[in-house]
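Here is how the chains run, residue by residue.
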Amino acid sequence: MIKNQTLHDASQAQRLLEKQRKARFYPAFHLAPPTGWMNDPNGLAYCDGRYHVFYQHHPYDEHWGPMHWGHMTSHDLVHWQHQPIALVPGDAFDRDGCFSGCAVNDNGVLTLIYTGHVWLQGVGNDGAIRQVQCIATSEDGLHFTKHGVIVTPPDGIMHFRDPKVWKQNGRWFMVVGARDANDRGQVLLYSGTSLFQWRLEGVLAKADRWLGYMWECPDFFPLGDKYLLMFSPQGMTPEGYRYRNRFQSGYILGRWQPDHPFTLEQHFQELDSGHDFYAPQSFVTADGRRLLFGWMDMWESERPTQADGWAGCLTLPRELSLDAQGRVRMMPARELQALRREAHTLPAFSLKNQRRRLGISALQAEIHMTWDIQKSQAERFGIEIAVSDDRRYVTRFYVDTQSRRLVLDRSQSGLGVGGYRSVTLPDGDTLDLRIFIDRSSVEVFVNQGETCLTSRIYPPTEGRGIALYAENGEAYCQTFTHWQMASIYPEP
Ligand code: FRU
C-alpha cells in the first residue's frame, strides 16, 4: 500500500505551492505539473473511457528529487484535469524514487509498471544504485496499491530502468533500458505469462561505439509494416548539426516478431531537431492511432520557470505514421483543432527586403502557413515569433537559402536560453509549416511532420508579436492562418 501519510504530505505540499505558482510562462495548452518539478511522461494509457498521463514529479519543489508519479486525465485528449499523486516513493524497493515506466489496462485494471530506484552510497552517486521493476494496480484509476518487485536486473547490470509493457497474441512483453558492463546502452526484452511472471528473452538491440553508454525510456511498437524501437540514448557526441542536445531521443526501424531477433533496417534517427525533446513515450488511442508525448525540456538546461515555482512540461500529443518512403512522421494530434479560437487569415503576398509585422499575438497560438520555396530567392526569409516591441526579444524560424537550411534561432528568445538548431531544407516547391506557440515553447512541424523542431523560449509575455520577413530578395507567402488557442485546463 502507498503510505497514506506520505501521500498526504506530498498532496499538501503540492496544494500549498500551487498557490504561489506564477503564471507568466505557465503553458495554456501543454501539460505541466500543478506545481513543482516534471520530467518524463509515464504510464500513457487509454482505460475505461479516459486517457491517463502520469509523469515524473517532485511535488515538494521545482527541482528534481525523489520521484513521485503525478497524474492527469482527459476524456478527449484536449481538456485535462490534474489528479491526485499516483505513486509516492519510500518502500524498500523504491525508497529513493518511482522512476519512469508505463501503464497497461489489464482486463479493466489500470496497472503501473515502473522502476524502483535506490541510492546505495549517497544521493546522486550514479555509480552505486539499485534499480528494479515494480508494479502497482488501481481499482478506480486514481488510487494505486503497490505490489513490489516483478523484475530484478540480470547479473552485471546496475542501470536498469524505464519498463514499457504491451500485450501481443495473449503474451505480455516488456522492454527495459540498460547500460551493459562495457558502458554501452542496450534494450532488454522480457516476456511474461502474467504481469507478475517475467522471463528474460535477451538483448533486443544494443549500442555500437557511437550510440551512447545508456539507453533510457525504450518503447517498441509496430508502425506500418515495420517495428520501431524508440529510445533516449545518453552519451552520443555531436556530429555536425546533429546530436547537439545534452541527450538525444530517436528511433531505429526494423522487423520483428515474437521469438525472433529484431532485424535492423534503418540506423538511428533523431525524432525532433529542436533543443527540448526527451524521453518520449507512445500509446494507442481509442481508435487505434499511435501517439506520443515527449518531455519538452532537457537535462541540465536553464529553467527560468523555477523562479516561478514549477519546471517541466510535455510536448503536444503527436501522431506517428510511416510514410511511403519509410520515414517516420510526427504530427500534432487532430483533436487539438478543437482548441482553435478566432482565426486570422492573410491572402497570398510577397515580401521584398521587408519585414511585415502582423497585428496578432503570439502568446498562445497556432499558425499554419506555406512558403513558395521555388519562387522565393531572398537570402533569408521566415517568421519572427514572440517579438517584443523594441525587438530586443525575437525567436526566428527561417529558411537560409544559401545554405539550404531551416533554422530555429533562439539567440534572442529571453531568459536563460540561446543558440540555434537547424535541419536540411526539405525538397519540394512548397514549405508547409504548422507552428504552435505557448507561453514558454515553440513547436514547428515541417511538411506534414517530416521534421519537427521543439524548443522552450522565455521572452517577456507582454506584447509578443509576430512578423514575416525577407532579407536581400523576395519571398512568397502562399497561405497564412493564425488561431488564438484556448486553454486545456478547467477555468479556475
Ligand atoms: C529520463 C530518466 C529516466 C528515469 C527518470 C528519472 O529522463 O532519467 O531514465 O527513469 O528520468 O526521473
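Residues numbered from 1 in each chain as written. Predicted model: local features only at pLDDT ≥ 70, side-chain atom pairs only at ≥ 80, totals over all residues. Heavy atoms only, no water.

**Considering the overall build of the protein chain**
For the protein chain, the count of helices and strands is 1 helix and 32 strands. Taking 492 residues into account, the globule formula puts the C-alpha radius of gyration at 23 Å, and the protein chain, at 22 Å, falls close to it. When its C-alpha atoms are laid out on the principal axes, the protein chain stretches across 65 × 50 × 40 Å. A burial count over the protein chain gives 62% of its 492 residues as buried. The long-range fraction of contacts in the protein chain, counting pairs at least 24 apart against all pairs at least 6 apart in sequence, stands at 59%. Accessible surface, the protein chain: about 19,000 Å² in total, of which carbon and sulfur atoms supply 47%. (Helix = DSSP H or I, 4+ residues; strand = E, 2+ residues; numbered from the N terminus. Rg over C-alpha atoms; globule rule 2.2 N^0.38 Å. Buried < 20%, exposed > 50% of the residue type's maximum accessible area, 1.4 Å probe, protein only. Contact = heavy atoms within 4.5 Å. Areas by Shrake-Rupley, 256 points an atom, 1.4 Å probe, with all protein chains shown as cover.)

**Some details on the site of the ligand**
If you check the shell around the ligand, you find Asn 39, Asp 40, Gln 56, Trp 64, Met 67, Phe 99, Ser 100, Arg 161, Asp 162, Glu 216, Tyr 278 and Trp 299 and nothing else. A distance of 3.0 Å separates an oxygen atom of the ligand from a polar atom in the side chain of Trp 64. When the ligand is considered free in solution it has 320 Å² of accessible area, and contact with the protein chains removes 96% of it. The residue makeup of the shell around the ligand, split by class, is 5 nonpolar, 3 polar and 4 charged. (Near = heavy atom within 4 Å. Polar contact = N/O pair within 3.5 Å; in protein donor to acceptor, adjacent residues only side chain to side chain. Nonpolar A, V, L, I, M, F, W, Y, C, P; charged D, E, K, R; others polar.)

**Considering the pattern of salt bridges**
Inspection of every chain in the model, using the stated rule, returns 35 salt bridges. With its nearest N and O atoms 2.9 Å apart, the salt bridge here joins Glu 201 to Arg 199. Among the residues examined, Glu 201 registers a relative accessible area of 29% and is labelled partly exposed. (Salt bridge = Lys/Arg side-chain N within 4 Å of Asp/Glu carboxyl O.)

**Here's the deal with the domain arrangement of the protein chain**
If you check the domain split of the protein chain, you get domain 1 (7–332) and domain 2 (339–485). The gap between the C-alpha centroids of domain 1 and domain 2 is 31 Å. Between domain 1 and domain 2, the contact holds 35 residues from the first and 38 residues from the second. Across the domain 1/domain 2 interface, buried area totals approximately 3,100 Å², and carbon plus sulfur atoms make up 58% of it. Area buried by domain 1 at its contact with domain 2 is led by Phe 29, Tyr 241 and His 275, which between them contribute 23% of it. Counting across the domain 1 and domain 2 interface gives 4 salt bridges. For Arg 329, the salt bridge goes to Glu 450, with nearest N and O atoms at 3.7 Å. Examining the composition of the side of domain 1 that touches domain 2, we find that 5 residues originate from one element, strand β21 (residues 328–332), more than from any other. (Domains from an automatic or database assignment. Buried area = accessible area lost by both parts, 1.4 Å probe.)

**Digging into the sheet that holds strand β5 (residues 97–106)**
On the basis of which strands lie adjacent, the open sheet formed by 4 strands has the order β5-β6-β7-β8 and antiparallel pairing. In this open sheet, the two edge strands, each paired with only one partner strand, are β5 and β8 (144–151). Each neighbouring strand pair of the sheet contributes to a mean axis angle of 30 degrees, computed without reference to strand direction. Two elements, strand β7 (residues 129–138) and β8, share 6 bridges in a ladder whose sense is antiparallel. From the neighbouring strand, Ile 135 faces β8, where its bridge partner is Gly 148. (Pairing = 2+ DSSP bridges. Axes fitted to C-alpha atoms, helices over the stretch in contact; angles between N-to-C directions.)

**Observations regarding the environment of Ile 437**
Considering the arrangement of structural elements, one finds Ile 437 in strand β29 (residues 430–438). On the accessibility criterion, Ile 437 (0% relative accessible area) is buried. Distance in space between the C-alpha atoms of Ile 437 and Ala 362 is 6.4 Å, their sequence separation being 75 residues. With residues near it in sequence (within four places) discarded, Ile 437 still touches Phe 29, Ala 362, Leu 363, Gln 364, Ala 365, Ile 367 and Ile 385.

**Considerations on the packing of aromatic side chains**
Enumeration over the complete set of coordinates arrives at 31 aromatic pairs. Ring centres of Tyr 51 and Phe 283 lie 6.0 Å apart, and the angle between their planes is 70 degrees; on these two criteria the pair is classed as edge-to-face. With Tyr 51 in strand β2 (residues 50–58) and Phe 283 in strand β17 (residues 278–284), the pair connects residues that are 232 residues apart, well separated along the chain. The two residues Tyr 51 and Phe 283 agree in class, both being buried. Taken together, a centroid distance of 5.8 Å and an interplanar angle of 65 degrees make the contact between Trp 64 and Phe 99 edge-to-face. You can see Trp 64 sitting in the loop between β2 and β3 (68–74) and its partner Phe 99 sitting in strand β5, a full 35 residues away along the chain. Judged by its relative accessible area of 9%, Phe 99 is buried. (Phe/Tyr/Trp six-rings, centres within 6.5 Å; stacked < 30°, edge-to-face > 60°.)

**Looking at the pairing of strand β20 (residues 318–322)**
Alignment of strand β18 (residues 290–295) against β20, held across 2 bridges, turns out to be antiparallel. Bridge pairing in β20 links Leu 292 to Arg 318. Between the antiparallel neighbours β20 and β21 lie 5 residues, among them Gly 326 with a positive phi of about 80 degrees.

**A look at the confidence of the model for the protein chain**
Across the protein chain, the average pLDDT comes to 96, with 99% of residues at or above 70. Scoring of the predicted complex yields 0.97 for pTM and 0.99 for ipTM. (pLDDT = per-residue confidence, 0-100.)

**Observations regarding the side chain of Thr 35**
When you line up the elements, Thr 35 lands in the loop between α1 (4–20) and β1 (36–47). Within polar-contact distance, the side chain of Thr 35 engages the backbone oxygen of Gly 309 at 3.2 Å. Setting aside anything within four residues of it in sequence, one finds Thr 35 in contact with Gln 14, Leu 17, Glu 18, His 57, Pro 59, Gly 309 and Trp 310.

**Quick notes on unusual backbone geometry**
Positive phi, normally seen in glycine, also occurs at Asp 259, with a value near 70 degrees. Relative to the elements of secondary structure, Asp 259 occurs in the loop between β15 (250–255) and β16 (263–270). Under the relative-accessibility criterion, Asp 259 is labelled exposed at 54%. Residues other than glycine seldom take positive phi values, yet Arg 391 does so here, at roughly 65 degrees. Tracing the sequence through the fold places Arg 391 in the loop between β25 (380–387) and β26 (394–400). On the accessibility criterion, Arg 391 (32% relative accessible area) is partly exposed.

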